[in-house]
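One letter stands for each residue in the lines below.
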Amino acid sequence: MEPNCTTPSDNYAADISSIRQAQVRIEPFAHKTPVLTSETLNSIAGRKLYFKCECFQKGGAFKFRGACNAIYSLDDDKAAKGVVTHSSGNHAAALALAAKLRGIPAYIVIPKNAPKCKVENVKRYGGQVIWSEPLMQSREDTANKVLQDTGAVLIHPYNDGRIISGQGTISLELLEQASEIDTLIVPISGGGLISGVALAAKAINPAIRILAAEPMGADDAFQSKSNGRITMLSEVNTIADGLQAFLGDLTWPIVRDLVDEVIVVDDKEIIQAMRLCYEILKIAVEPSGAIGLAAVLSDSFQKNPAYSECNHIGIVLSGGNVDLGVLWKSFD
């Protein structure tokens, strides 16, 4: 892939100011998640690694940050009618939890093939589950009907400035916890997480390198960067159920301009990274969350001389909501 030479824009859906405002807004509710290190994994990777453990966030994933920021950004009149979203899991649970904390209804459209553990989280937090077919068109059509019926406010899983700003608070914390970091590796799907992380990190340290990690069976971001435009896939096939969305019109310009490279890994590499997280870090991480470690251990990273100066690497372990049965089966 050619180096990214695009000039950053001032017209993004979020910026460092909105991210700092989000940090203040969610501080009473969200956890400041820990950063773990491991000399064993440092030795395997040949770099110093810093794991930002969003698997310990409320709701079990980073999504609570954006959902909380979005819900507490609403005025009382709008909030009273509730919120609606469509999501295969972590955003759904996060929105249900944030809505519960504010005392408002949450209508959650979930595809029928969503992981059981993530559906149970939504129900546990009081979200009202409305089922849809797995196709994105069905999810969107169902969510639009709920909007018409309830007057609730749509909170998109990633293509929303409030969501992007909330996710960007990860960088504010991580670069304070480990200021020596020179590279960040972040999972990419719809782009809400990496957009927020990149905006905040580049504002703090313009020289920092932002790398996206993406599964081979859902490599639309890699193809979009290569083609210079949003590229959608006719089908996706990966164990990383949380990394199957496509970039939105708000996240794409940020990814295009501020993400330096996309590293693509296969499912076997993701599963091995999950195993290392479990056996060495002693934490359960879902496939989507483990992909950053998979990327730094991949041949694409290890054998690329362009990354020789990436010595202090922050890795966002984005979530830990994994069905244990699926975990054990994947290890076998």
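Because the structure is predicted, anything quoted here is derived from the model rather than measured. (Residues numbered from 1 in each chain as written. Predicted model: local features only at pLDDT ≥ 70, side-chain atom pairs only at ≥ 80, totals over all residues. Heavy atoms only, no water.)

Asks: Hey, could you run me through the packing of aromatic side chains in this one?
Replies: For any two aromatic rings, the description comes down to two numbers: the centre-to-centre distance and the angle of the planes. Taken as a whole and judged by the stated rule, the model has 2 aromatic pairs. Look at Phe 301 and Tyr 307: their rings are 4.8 Å apart centre to centre, the planes differ by 10 degrees, and that puts the pair in the stacked class. No difference in accessibility class separates Phe 301 from Tyr 307, as the two residues are buried. (Phe/Tyr/Trp six-rings, centres within 6.5 Å; stacked < 30°, edge-to-face > 60°. Buried < 20%, exposed > 50% of the residue type's maximum accessible area, 1.4 Å probe, protein only.)

Asks: Just checking my understanding: could you explain the nonpolar core for this structure?
Replies: What tends to happen in soluble globular proteins is that the nonpolar side chains get buried as a cluster. Ranked by size, the top nonpolar core spans 36 residues in total, and within it Leu 49, Phe 51, Leu 293, Phe 301 and Leu 317 carry the most contacts. No other element matches the 7 residues that helix H12 (residues 267-281) contributes to this core. Ignoring sequence-local partners within four residues, the contact set of Phe 301 consists of Arg 47, Ile 185, Leu 211, Ile 263, Ala 295, Val 296, Tyr 307, Cys 310 and Ile 313. (Core = buried A, V, L, I, M, F, W, Y, C linked by side-chain atoms within 4.5 Å. Helix = DSSP H or I, 4+ residues; strand = E, 2+ residues; numbered from the N terminus. Contact = heavy atoms within 4.5 Å.)

Asks: Just to check I follow, could you spell out the environment of Leu 95 for this structure?
Replies: Here Leu 95 lies in helix H5 (residues 90-102). A relative accessible area of 0% places Leu 95 in the buried class. Spatially, the C-alpha atoms of Leu 95 and Ala 67 are 5.1 Å apart, while their sequence positions differ by 28 residues. Excluding anything up to four places from it in sequence, Leu 95 contacts Ala 67, Ile 71, Val 83, Val 84, Thr 85, Ala 106, Ile 108 and Ile 155.

Asks: Where do I start with helix H3 (residues 63-73) in this structure?
Replies: Along an α-helix, residues three or four apart share an orientation, since each turn contains 3.6 residues. The buried fraction of H3 amounts to 9 of the 11 residues, a majority that puts the element mostly inside the structure. Restricting attention to buried positions, one finds in H3 the residues Lys 63, Phe 64, Arg 65, Gly 66, Ala 67, Cys 68, Asn 69, Ala 70 and Ile 71. In the core, the buried residues of H3 are packed alongside helix H1 (16-26), strand E2 (48-53), strand E3 (83-86), H5 and helix H8 (161-177).

Asks: What is the right way to read the sheet that holds strand E6 (residues 153-154) from this model?
Replies: The strands that make up a sheet pair up through hydrogen bonds in the backbone, lying either parallel or antiparallel. Spatial ordering of the open sheet is given by E5-E4-E3-E6, a layout of 4 strands whose pairing is parallel. Strand pairing shows two members of the sheet lacking a second neighbour, strand E5 (128-132) and E6, which therefore form its edges. Across 5 bridges, strand E4 (residues 106-111) lies against E5 in parallel orientation. Within E5, the position partnered with Ile 108 by the bridge is Val 129. (Pairing = 2+ DSSP bridges.)

Asks: Help me understand the sheet that holds strand E9 (residues 261-265) in this model?
Replies: If you trace the 6 strands from one edge of the open sheet to the other, you get E1-E2-E10-E7-E8-E9, paired in mixed fashion. Two strands in the sheet have a free side with no partner beyond their single neighbour: strand E1 (35-36) and E9. Alignment of strand E7 (residues 183-187) against strand E8 (residues 209-215), held across 5 bridges, turns out to be parallel. If you follow Thr 183 over to E8, its bridge partner there is Arg 209. Contacts from helix H9 (residues 192-204) reach E7, E8 and strand E10 (312-317), with the element oriented near 165 degrees to E7. Helix H13 (residues 287-297) contacts E2, E7, E8, E9 and E10 of the sheet and is inclined by roughly 155 degrees relative to E10. (Axes fitted to C-alpha atoms, helices over the stretch in contact; angles between N-to-C directions.)

Asks: Just checking my understanding: could you explain the packing of H5 against helix H6 (residues 116-124) for this structure?
Replies: How two helices pack is summed up by the angle between their axes together with the distance between the axes. Where H5 meets H6, the axes come as close as 8 Å, and the angle between the chain directions of the two elements is 10 degrees. By the angle between their axes, H5 is roughly parallel relative to H6. Two secondary-structure elements touch here, H5 through Asn 90, Ala 92, Ala 93, Ala 96 and Lys 100 and H6 through Lys 118, Asn 121, Val 122 and Arg 124. Residues of the contact of H5 with H6, tallied by class, amount to 4 nonpolar, 2 polar and 3 charged. (Parallel < 35°, antiparallel > 145°, perpendicular 65-115°, else oblique. Nonpolar A, V, L, I, M, F, W, Y, C, P; charged D, E, K, R; others polar.)

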